[in-house]
Amino acid sequence: MKKYVVAVVGASGAVGEELFKVLEERNFPIKKLVPLASSKSAGNEIEFFGKSYRILETTHDIFKQEGVEIAFFSAGGNVSAEFAPSAVKAGALVIDNTSHFRMDPDVPLVVPEVNPEDIALWKQKGIIANPNCSTIQMVQVLAPLHRVFDIQRVDVSTYQAVSGAGKKGMEELVMQMQKFFAFELEACESKAFPHRIALNLIPHIDVFMPNDYTKEEIKMVKESNKILHSDFALSATCVRVPVLRSHSEAITIRFSKEIEATRARKILKEAPNIVVVDKPEESLYPMPILATDTDETYVGRIRNDLYDKKILHLWCVADQIRVGAATNAVRIAQKWIESV
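Residues numbered from 1 in each chain as written. Predicted model: local features only at pLDDT ≥ 70, side-chain atom pairs only at ≥ 80, totals over all residues. Heavy atoms only, no water.

Caption draft 1: Examining the overall build of the chain more closely. When helices and strands are counted, the chain shows nine helices and 14 strands. Expected size for 340 residues packed as a compact globule is a radius of gyration near 20 Å; at 20 Å, the chain falls within 12% of this value. Its C-alpha atoms give the chain principal-axis dimensions of roughly 65 × 55 × 40 Å. Surface accessibility of the chain: about 15500 Å² in total, with carbon and sulfur atoms responsible for 52%. Measuring between centres, the 41 positive side-chain charges of the chain sit 3 Å from its 44 negative side-chain charges. (Helix = DSSP H or I, 4+ residues; strand = E, 2+ residues; numbered from the N terminus. Rg over C-alpha atoms; globule rule 2.2 N^0.38 Å. Areas by Shrake-Rupley, 256 points an atom, 1.4 Å probe, with all protein chains shown as cover. Lys, Arg positive; Asp, Glu negative; His and termini not counted. Charge placed at Lys NZ, Arg CZ, Asp CG, Glu CD.)

Written out as structure tokens, the structure reads:
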């Protein structure tokens, strides 16, 4: 198998660190690894397959200098906007984990289990976009059901872990919980979130839009329809919860035809990278502690609506740093390698 020169932009961040783990675990065909970050992190080292690699500064010339063939971007939208075109110009495929290119009509937005055929569109701009973490786990669940029963509408409420805000989000929750046990919680300052997150829920992720939805909620709506090549109605309410890792979602789906929960359960069991955990009588259902550090999306609490046989309710959980970012990006790269 051909091996590639692989760059990771944002090598010192939470998703960048997870990318290295996933690349190792999947024995990705790497000829040379090029860790990149801002000038602040340049010079630090990362470990990969038992070797130390020095982080280099992200510049416009570095991709050509290092002969990069695949570049994973996980350093924020502004960084992708500035440097991704330089990586493409140097001949690299860019797999972007930020929101910057997601709704560009010339950039495919890909979840390999759902729309792998869209990877072929990478040639238009040399970029493949990785969807929002909450979108990825949701469309993995929706896609197999949509193919059989034709979705008409989806309503989703998310319970998003603090790691969705990066390392600073996790550190803030840990610090505030420490303050709580020291009886100093009221003195806590909130920096990563608009309010204290410890022992609290915040129905506010990203900025509010003129229509009173947040940007995170609008991302889920627009991205889902782009990935699924659909136009059904979708509404989201995104909530930050005091959980370190793994996002949870309560999803209500209305179909054009009647659906039985038992049939839906069977379809989901056969879907790729989905694990059905649905034995409530034994207290078995998806939870963040089950999903964390795994590459699967867990689904449970699958049940028919009490009043409408065309409506199904379910609950899903996935590690958003892996399934919702690093693992999805590496799966995209693996599918791309198969296609070239």
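From this point, the discussion proceeds with the structure in view.
Caption draft 2: Summary view of the sheet that holds strand β13 (residues 297-304). Taken together, six strands build an open sheet; the order of strands is β10-β9-β11-β14-β13-β12 and the sheet is mixed. Bordering the open sheet on either side are β10 (233-240) and β12 (274-276), each of which pairs with just one other strand. Between one strand and the next, the sheet's axes are offset by a mean angle of 20°, whatever the strand orientation. In this sheet, β10 lies alongside strand β9 (residues 151-160) in parallel orientation, the contact comprising eight bridges. Paired with Y159 across the bridge in β10 is V239. In the packing of helix α4 (residues 133-149) onto the sheet, the strands contacted are β9, β10, β11 (247-255), β12, β13 and β14 (311-318), and the crossing angle to β11 comes to about 25°. Each of β9, β10 and β11 touches helix α6 (residues 215-228); the most contacted strand, β10, lies at about 145° to it. (Pairing = 2+ DSSP bridges. Axes fitted to C-alpha atoms, helices over the stretch in contact; angles between N-to-C directions. Contact = heavy atoms within 4.5 Å.)

Caption draft 3: Summary view of the packing of α4 against helix α9 (residues 322-339). Remark: α4 packs on α9, axes separated minimally by 8 Å, with the N-to-C direction vectors making an angle of 70°. The angle between α4 and α9 falls in the class roughly perpendicular. Where α4 approaches α9, its residues C133, I136 and Q140 are matched on the opposing element by V323, G324, A325, N328 and R331. Grouping the amino acids of the contact of α4 with α9 by side-chain chemistry returns four nonpolar, three polar and one charged. (Parallel < 35°, antiparallel > 145°, perpendicular 65-115°, else oblique. Nonpolar A, V, L, I, M, F, W, Y, C, P; charged D, E, K, R; others polar.)

Caption draft 4: The arrangement of a nonpolar patch on the surface in detail. A cluster of nonpolar side chains, contributed by Y285, M287, I289 and L290, occupies part of the molecular surface with about 370 Å² of accessible area. Examined against the element boundaries, M287 turns out to sit in the loop between β12 and α8 (288-291). (Patch = residues over 30% accessible without salt bridge, like charges linked within 9 Å, V, L, I, M, F, W, Y side chains within 5 Å. Salt bridge = Lys/Arg side-chain N within 4 Å of Asp/Glu carboxyl O.)

Caption draft 5: Examining the packing of aromatic side chains more closely. Inspection of the entire model under this criterion finds ten aromatic pairs. With a centroid separation of 5.1 Å and 80° between ring planes, the pair formed by F48 and F49 is classed as edge-to-face. A residue is classified by how much of its surface remains accessible, and F48, at 3% relative accessible area, is buried. F49 gets classed as partly exposed once you look at its relative accessible area, which sits at 47%. In this structure an aromatic cluster arises from ring pairing among F20, F48, F49 and Y53. (Phe/Tyr/Trp six-rings, centres within 6.5 Å; stacked < 30°, edge-to-face > 60°. Buried < 20%, exposed > 50% of the residue type's maximum accessible area, 1.4 Å probe, protein only.)

Caption draft 6: Local environment of the pairing of strand β6 (residues 70-73). Residues of β6 alternate between two faces, with I70 and F72 on one and A71 and F73 on the opposite face, all of them buried. Relative to β6, strand β1 (residues 4-9) is paired through four bridges, and the arrangement is parallel. Counted as the bridge partner of A7 is A71 from β6. Bridge count between β6 and strand β7 (residues 93-96): four bridges; the pairing is parallel. Along β7, the bridge assignment pairs I70 with L93. Where the polypeptide runs from β6 across helix α3 (residues 77-89) and back to β7, its parallel neighbour, the crossover connection is right-handed. (Right-handed = clockwise from strand over helix to strand, strands pointing away.)

Caption draft 7: Highlighting the sheet that holds β6. In space, the six strands of this open sheet follow the order β5-β2-β1-β6-β7-β8, with parallel pairing throughout. Either end of the sheet is taken by a strand with one partner, and the two such strands are β5 (56-57) and β8 (127-129). Helix α1 (residues 14-25) rests against β1, β2 (30-37) and β6 of the sheet, and its axis sits at about 155° to β1. α9 contacts β1, β6, β7 and β8 of the sheet and is inclined by roughly 160° relative to β6.

That is the geometry; function is a separate question.
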